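# Notes for the structure review
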Amino acid sequence: MGESIKDLGHLKKKYENTGVLAHETESFSNVFVEDGLEEYRKEGHHPAYIGEILNSRYVLIEKIGKGDFSTVWLSKDCKFNKLVAIKIMKSEINFLEASFDEVELLQKTIKCSNTERWSKFRMETLNKLKKNENFKDYDNFLKRPISKLLNSFIIQSVYGRHFCMVFQLLGSSLRSIMNYNQNQGFPINKCRLIAKQLLIGVHFLHEECGIIHADLKPENILTMLDKQTIDFVNQNNSFLNVKKNKNRFNNICASIKKIKENNYNKSEYNFEKIQNN
């Protein structure tokens, strides 16, 4: 199971304010209710909770997404002191096997984004967009038009083995934005912008990586976070619960460091690393 401060025996009292707090039990319960309790079972979702520590490194802060096969959590990477998104797959064996394939493809996109041919395409495209007011945004987008995989590992829970993928933190999906706006469509100028960037992404996958996406839909198209939002989330360690999360996760990261300094034995947690970054 994912490691938590409350499970660390003799360190429980010392760090009792860094795990799930008593006044957060309501939030803890809501994690399960909104997905449906039937999904938390053998071969189902990992029963993740606020303050849980995965892979002795990542602190779960807020659940920011869910799907048929996984949940996604805003998390703090205590090694590099930055926020990331962690996708936790269901434990069914088919999802575990599919995750290995997904990681292989994502690693290929990282390699292909650094080729001389893609760099040439990026510069040619940027030269055409120099008069565009969003030039800098395009520069960042073209460096890597596909979400970046940062790490991956497997955790053991009461419901089985769950594959976890760590991604750069991105914004809402197009579907979420449409739902928020009562399923109204986007203005035509935004549709053109989305279509242009989507075609660049597909071009990158097809021509540079030799990959066919096969599942393009609003749910799978994510927006990039603007600087204001990134600064807000970094400052508050949260998209939502600012007051609860502002200081607590810094304490958790500090406690992880102290645990490592004390050479605490974690062999009982059965972690299996797939990739190190």
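Overview of the structure. (Residues numbered from 1 in each chain as written. Predicted model: local features only at pLDDT ≥ 70, side-chain atom pairs only at ≥ 80, totals over all residues. Heavy atoms only, no water.)

## As for the side chain of serine 113
- Topologically, serine 113 is positioned in the loop between helix 2 (93-112) and helix 3 (116-128).
- Assessed through its relative accessible area of 10%, serine 113 is described here as buried.
- Here the side chain of serine 113 touches isoleucine 110 through a polar contact of 2.8 Å, landing on its backbone oxygen. (Helix = DSSP H or I, 4+ residues; strand = E, 2+ residues; numbered from the N terminus. Buried < 20%, exposed > 50% of the residue type's maximum accessible area, 1.4 Å probe, protein only. Polar contact = N/O pair within 3.5 Å; in protein donor to acceptor, adjacent residues only side chain to side chain.)

## Things to note about the nonpolar core
- In terms of nonpolar packing, the biggest core is built from 14 residues, with Leu54, Leu60, Ile86, Ile88, Phe153, Cys164 and Val166 touching the most fellow members.
- Contributions of two or more residues to this core are made by strand 2 (58-66), strand 4 (82-89), strand 5 (149-157) and strand 6 (160-168).
- Counting 11 residues, the second largest nonpolar core, distinct from the first, contains Leu126, Phe141, Ile146 and Phe204. (Core = buried A, V, L, I, M, F, W, Y, C linked by side-chain atoms within 4.5 Å.)

## Quick look at helix 2
- For helix 2, which comprises 20 residues, the first-to-last C-alpha distance of 29 Å matches the rise-based estimate of 28 Å (1.5 Å per residue) to within 8%.
- Within helix 2 the residues assigned to the buried category are Phe95, Leu96, Ser99, Val103, Leu106, Thr109 and Cys112.
- The inward-facing, buried residues of helix 2 contact strand 4, helix 3, strand 5, strand 6 and helix 6 (188-209). (Expected span 1.5 Å × (residues − 1). Contact = heavy atoms within 4.5 Å.)

## Considerations on the packing of aromatic side chains
- Applying the stated criterion across every chain yields a total of 5 aromatic pairs.
- Between tyrosine 58 and phenylalanine 153 the ring centres are 5.7 Å apart and the planes differ by 5°, which places this aromatic pair in the stacked class. With tyrosine 58 in strand 2 and phenylalanine 153 in strand 5, this residue pair connects regions lying 95 residues apart in the sequence.
- The class of phenylalanine 153 is buried, set by a relative accessible area of 0%. (Phe/Tyr/Trp six-rings, centres within 6.5 Å; stacked < 30°, edge-to-face > 60°.)

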